[in-house]
Amino acid sequence: MPDLRLALLQSPSPAGDVAAAFTAIERGLRAAGAAGADVLVVPESFAPGYNSDAIATLALRHGDAWQVQLAQACRDAGCGLVFGYAERDGDAVYNAALALGPDGAELAHYRKIQLYGPREASIYRPGDGYATFDLVGHKAALLICYDVEFAPHIAALASAGVTVLLVPTANMLPYTHVMRATVPAMAVNHGVSIVYANYCGVEGDLTYAGGSLIVGADGEVLAQAGMGPALLIADIVPVDPSRMSSQARDYRAVVLP
């Protein structure tokens, strides 16, 4: 199986400026492509921004001219993209993610299943299915932020042969335990590599926690950002089998009396 080079962009929120979001993505793609990355993951709802008051107004329609623009940016950079965005579909708005290949072709489209808190529930409809795709010979899947904190979703994807999870997120203070403990634990317990791309800085009443990371399937943190802007790149290589968790095959179900 070929090795895989993964990148993520940790950035302040565009805060409602969609043009600024695309400029940041194009700059990130050029840098990641120059470093030989196969795909760049950017944060959740990067257009128009996670804490924007204008999400419903600025939500993008899947497949419109903006997607053509990003596809060309991927081709120019020779790097794929996972783009978190607010998606307009008729009367509904979804918290979505789009995966494009280095040739600009659409690889997958996903809608967040686990909406977080009353604000997200008031803006978005939840998704109802997974999105998997081939990424340089690895079976990959998209999740968004809160989704990755639910072990049943990770277990279901791992049992379907997924080995790489690409996760745009918008995690704010004080929830640093997600990067410190939850994401590495999900990786090692289910034998999957995870790219978790977060914001940094302040947007409205939210202070983002930064801490974006790339974790190997053995739970090793391969790269992690601090609290400021960052572009992280890490190689996913075969892991020594002795370092892989055996929980999936060792688990013994117990029926409560």
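Refer to the structure presented above.
Residues numbered from 1 in each chain as written. Predicted model: local features only at pLDDT ≥ 70, side-chain atom pairs only at ≥ 80, totals over all residues. Heavy atoms only, no water.

A. Region of the structure containing the sheet that holds strand E13 (residues 221-224). Pairing is mixed in the open sheet, where six strands are placed in the order E6-E7-E8-E9-E12-E13. Lying at the two open borders of the sheet, with one neighbouring strand each, are strand E6 (132-135) and E13. Averaged over neighbouring strand pairs, the angle between their axes works out to 20° when direction is ignored. (Pairing = 2+ DSSP bridges. Helix = DSSP H or I, 4+ residues; strand = E, 2+ residues; numbered from the N terminus. Axes fitted to C-alpha atoms, helices over the stretch in contact; angles between N-to-C directions.)

B. Looking closely at the environment of alanine 31. By the secondary structure assignment, alanine 31 is in helix H1 (residues 18-34). Sequence separation between alanine 31 and tyrosine 110 is 79 residues; the distance between their C-alpha atoms is 25 Å.

C. Just the packing of H1 against helix H3 (residues 65-77), in detail. Between H1 and H3, whose axes approach to 8 Å, the crossing angle comes to 20°. For the element pair H1 / H3, the angle class is roughly parallel. You can see that H1 and H3 cross each other, and the crossing is right-handed. Judged by residue contacts, Phe22, Ile25, Glu26, Leu29, Arg30 and Gly33 of H1 engage Trp66, Gln69, Leu70, Ala73, Cys74 and Ala77 from H3. (Parallel < 35°, antiparallel > 145°, perpendicular 65-115°, else oblique. Left-handed = near helix turned anticlockwise from the far one by under 90°. Contact = heavy atoms within 4.5 Å.)

D. Representation of the sheet that holds strand E1 (residues 4-10) in the model. As summarised here, the arrangement of the six strands in space is E5-E4-E3-E2-E1-E14, forming an open sheet in which the pairing is mixed. Strand pairing shows two members of the sheet lacking a second neighbour, strand E5 (106-111) and strand E14 (230-236), which therefore form its edges. Strand-to-strand twist in this sheet, taken as the mean axis angle between neighbours without regard to direction, amounts to 30°. Sheet topology note: the E1/E14 ladder contains seven bridges and is antiparallel. Pairing of leucine 6 across the sheet is with alanine 234, part of E14.

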